[in-house]
Amino acid sequence: MKLLDGKKVSIEIKEELKEKIRREKEKSGKVPGLGIIQIGHNEAASVYVQSQIKGSKALGIETYLYSFEDSVKEELVLQKIEELNQMEEIDGIILQLPLPEQINRSHILQAIDVNKDVDGFKTENIGRLHLGEEGFNPCTPEGVITLLKKYDIPIESKNVTIIGRSNIVGKPMLGLFINHNATVTICNSLTKNLKEHTQKADIIVVAVGKEKFLTADMIQEGAIVVDVGINRSIDEKIVGDVDFDEVSRKASYITPVPGGVGSMTVAMLFQNIWKAFIRNRRIMNGEENKGE
Ligand code: NAP
């Protein structure tokens, strides 16, 4: 069994980005900018936002945090998004969850300029992904594909089973695997005989949110297992959805949790911000259409 070391790969990707940003700053004096919208005072969300700011700064990405009170009206947030859409120094905009009741997530997401949607959650970017067109892909599924490629794991013609069909993981994961010519099965909580689907898979992606959900009897010998899950165990450890000790004895490759897909997700966000920066400069210089 070999570990798919997301932490190591993500460090390499971040180092490459840091160097590109450093060179760009030297050349043009410009750096990528990330706008973060946070509403309310959720403690976990604040910790996450601070770590995003720290991570961005380490790469030379400028961050702009816009914090709103819990009671803010949706109109005000939409106004701010419109402002950020126009700001040249902001290349990417992300919306921190959770949101208070009066704020409709979809309204906010759809207001973000398609070329600044670095989370890749906007309908248009999801559509582009499924059509195999250039756009921003959601970071977690993009991280999974990038990790497999870094380990030279072939995807084409492989049988892939995804467990979980959420809009941010399972569904875009399906589109990306199809675009890479895999044969894909996607399961949900109503799937009958789940084991039948997982046992025939060369690659299994688990995104359910339940500790030890995937057990060794569910996989074939030599399968490649990608664990997207992030759960807190009874003893307060961060664990995935896979029974790692048992499954790792049968798998050919497996992602650890932590240090697997989660690390890749963060790196993919930075990669999308860099991509947005390049794209937005081209648009400003009239070398590319806005595409809207
Ligand atoms: P979600 O929106 O709760 O979706 C969970 C999916 O699992 C649903 O599609 C659900 O089916 C399916 N499911 C639940 N029980 C099942 C069962 N018994 N058999 C088959 N499918 C079942 O969760 P999510 O946002 O996709 O996240 C999933 C996990 O990944 C969570 O632990 C989350 O914390 C983690 N996550 C990690 C990262 C990362 O960077 N590593 C990023 C995002 C999420 P139904 O649709 O039928 O309900």
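Coordinates for the structure precede this section.
Quick look at the structure, then.

The rules behind the values
- Residues numbered from 1 in each chain as written.
- Predicted model: local features only at pLDDT ≥ 70, side-chain atom pairs only at ≥ 80, totals over all residues.
- Heavy atoms only, no water.
- Helix = DSSP H or I, 4+ residues; strand = E, 2+ residues; numbered from the N terminus.
- Buried < 20%, exposed > 50% of the residue type's maximum accessible area, 1.4 Å probe, protein only.
- Lys, Arg positive; Asp, Glu negative; His and termini not counted.
- Salt bridge = Lys/Arg side-chain N within 4 Å of Asp/Glu carboxyl O.
- Contact = heavy atoms within 4.5 Å.
- Near = heavy atom within 4 Å.
- Polar contact = N/O pair within 3.5 Å; in protein donor to acceptor, adjacent residues only side chain to side chain.
- Areas by Shrake-Rupley, 256 points an atom, 1.4 Å probe, with all protein chains shown as cover.
- Pairing = 2+ DSSP bridges.
- Axes fitted to C-alpha atoms, helices over the stretch in contact; angles between N-to-C directions.
- Core = buried A, V, L, I, M, F, W, Y, C linked by side-chain atoms within 4.5 Å.
- Domains from an automatic or database assignment.
- 1 Å grid on protein atoms, 1.4 Å probe; cavity = no way out; pocket = protein on both sides within 12 Å on 5 of 7 lines; lining within 4 Å.
- Points joined across faces, edges and corners; volume = space filled by probe spheres on them.

**A look at the side chain of D243**
By the secondary structure assignment, D243 is in the loop between β10 (238–239) and α9 (244–247). Summary of buried charges: D243 has no salt-bridge partner, and the nearest side chain of opposite charge, K212, is 4.7 Å away. Apart from residues no more than four positions distant in its own chain, D243 is found in contact with K212, L214 and T215.

**Some thoughts on the site of the ligand**
The immediate surroundings of the ligand are formed by 21 residues, with R165, S166, N188, S189 and T265 found nearest. In this structure, an oxygen atom belonging to the ligand sits 2.5 Å away from a side-chain N or O atom of S166. In this structure, S189 approaches the ligand through a side-chain N or O atom, which is 2.6 Å from an oxygen atom. Here the ligand loses 71% of its free accessible area of 920 Å² to cover by the protein chains.

**Examining the side chain of N280**
Within the secondary structure layout, N280 lies in helix α10 (residues 261–284). Accessibility expressed as a relative area gives 7% for N280, which makes it buried. Not counting residues up to four positions away in its chain, the partners in contact with N280 are D91, N115 and K116.

**Observations regarding the sheet that holds strand β7 (residues 203–206)**
Across the sheet, which stays open at both edges, the 6 strands sit in the order β1-β11-β8-β7-β5-β6 with parallel pairing between neighbours. Looking at strand neighbours, the two that pair on one side only are β1 (2–3) and β6 (183–187), the edges of this open sheet. Most of the contacts of helix α7 (residues 170–179) go to β6, to which it runs at about 170°, and overall it touches β5 (159–163), β6 and β7.

**Some remarks on the environment of E69**
Residue placement: E69 occurs in the loop between β3 (62–68) and α3 (74–86). As for E69 and V118, which are separated by 49 residues in sequence, their C-alpha atoms are 24 Å apart. In terms of polar contacts, E69 uses its side chain to reach the side chain of H41, at 3.5 Å.

**What to know about the nonpolar core**
L4, V144, L148, F177 and V205 are the most contacted members of the largest nonpolar core, which has 47 residues in total. Considering each element in turn, this core owes the most residues, 10 residues, to α10. Counting residues domain by domain, this core receives three or more from each of domain 1 (28–113) and domain 2 (139–262). With near-sequence residues (within four places) excluded, L148 lies in contact with L4, I153, I155, F177, I203, I224 and V226.

**A few points about the layout of surface pockets**
Roughly 1,300 Å³ of volume is contained in the largest pocket. Around the largest pocket sit 40 residues that line it, and Y48, T140, I168, I230 and T265 are the ones nearest its centre. When contributions to the lining of the largest pocket are tallied by element, the ones reaching two or more residues are α2 (43–59), β4 (92–95), α4 (105–111), α6 (139–150) and α10. When residues in the lining of the largest pocket are grouped by element, the largest group, 6 residues, is from α10. Formed jointly, the lining of the largest pocket draws a minimum of three residues from each of two domains, domain 1 (28–113) and domain 2 (139–262).

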